[in-house]
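As a plain string of letters, each chain reads:
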Amino acid sequence: SIAISATNITTDQFALLSLRSRITTTDPHHILAKNWSTGSFICEWIGVTCGSRHRRVIGLNISNMGLTGIIPPQLGNLSFLVSLDMSTNNFHGEVPHEFAGLHRLRVLNLDVNNLEGYFPPWIDSFHELQYLTLRNNSFTGPILPSISNMSKLVTLRLSNNTLQGNIPKELFNISSLE
């Protein structure tokens, strides 16, 4: 049990260190450079929240840190992640398709970045998602009707992208949507 737990937290640590390594400009506040290191326990890193039961990463909030870089696919290995807020930074590139494996995710906030590519077709795999906000990016393409699979969605914000096509009528079948 201890070996399994160590491996899992090591997986989480590797995912976050992969993110830190993809920051392409100096962290303006030196938060990640000083705090996110193998010399300190991951659950004590700034912006990281761990669950009390499994001691796995359940929350990551690095919003408003002035970070520039790309989002690594390894973040998709944070299998206990419930909340991810990377808003108001300067992340660019596409959102990795490995995010589709974040089945516990309830909050995804990637507002105000420079993310691009097609509106993620795998986004409908987030069956627990309640809050999705991708405003002020450069996503293109249509919003797929399968977005209605996110039956617990309460908030959806997609403004200021270059999405095409009609709003799928299936979206209006989500009774929780406000």
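Residues numbered from 1 in each chain as written. Predicted model: local features only at pLDDT ≥ 70, side-chain atom pairs only at ≥ 80, totals over all residues. Heavy atoms only, no water.

The next thing to look at is the overall build of the protein. Across its full length, the protein carries two helices and 11 strands. Ordered by position from the N terminus, the helices and strands of the protein form the series α-α-β-β-β-β-β-β-β-β-β-β-β. Against the 2.2 N^0.38 benchmark of 16 Å for 178 residues, the protein shows a C-alpha radius of gyration of 16 Å, consistent with a compact globule. Here the protein holds 178 residues, and the buried ones make up 46% of them. When the accessible area of the protein is evaluated, it comes to approximately 8800 Å², of which 52% is carbon and sulfur surface. Of the charged side chains in the protein, 12 are positive and 12 negative; the average position of the first set lies 7 Å away from that of the second. (Helix = DSSP H or I, 4+ residues; strand = E, 2+ residues; numbered from the N terminus. Rg over C-alpha atoms; globule rule 2.2 N^0.38 Å. Buried < 20%, exposed > 50% of the residue type's maximum accessible area, 1.4 Å probe, protein only. Areas by Shrake-Rupley, 256 points an atom, 1.4 Å probe, with all protein chains shown as cover. Lys, Arg positive; Asp, Glu negative; His and termini not counted. Charge placed at Lys NZ, Arg CZ, Asp CG, Glu CD.)

Taking strand neighbours across the sheet as the criterion, the six strands line up as E1-E2-E4-E6-E8-E10 in an open arrangement whose pairing is mixed. The open sheet has two edge strands, strand E1 (48-50) and strand E10 (155-157), and neither has a second partner. Across the sheet, the mean angle separating the axes of adjacent strands is 15° when strand polarity is ignored. For strand E2 (residues 57-61) and strand E4 (residues 83-85), the ladder comprises three bridges, and the chain directions are parallel. Bridged to asparagine 61 within E4 is aspartate 85. (Pairing = 2+ DSSP bridges. Axes fitted to C-alpha atoms, helices over the stretch in contact; angles between N-to-C directions.)

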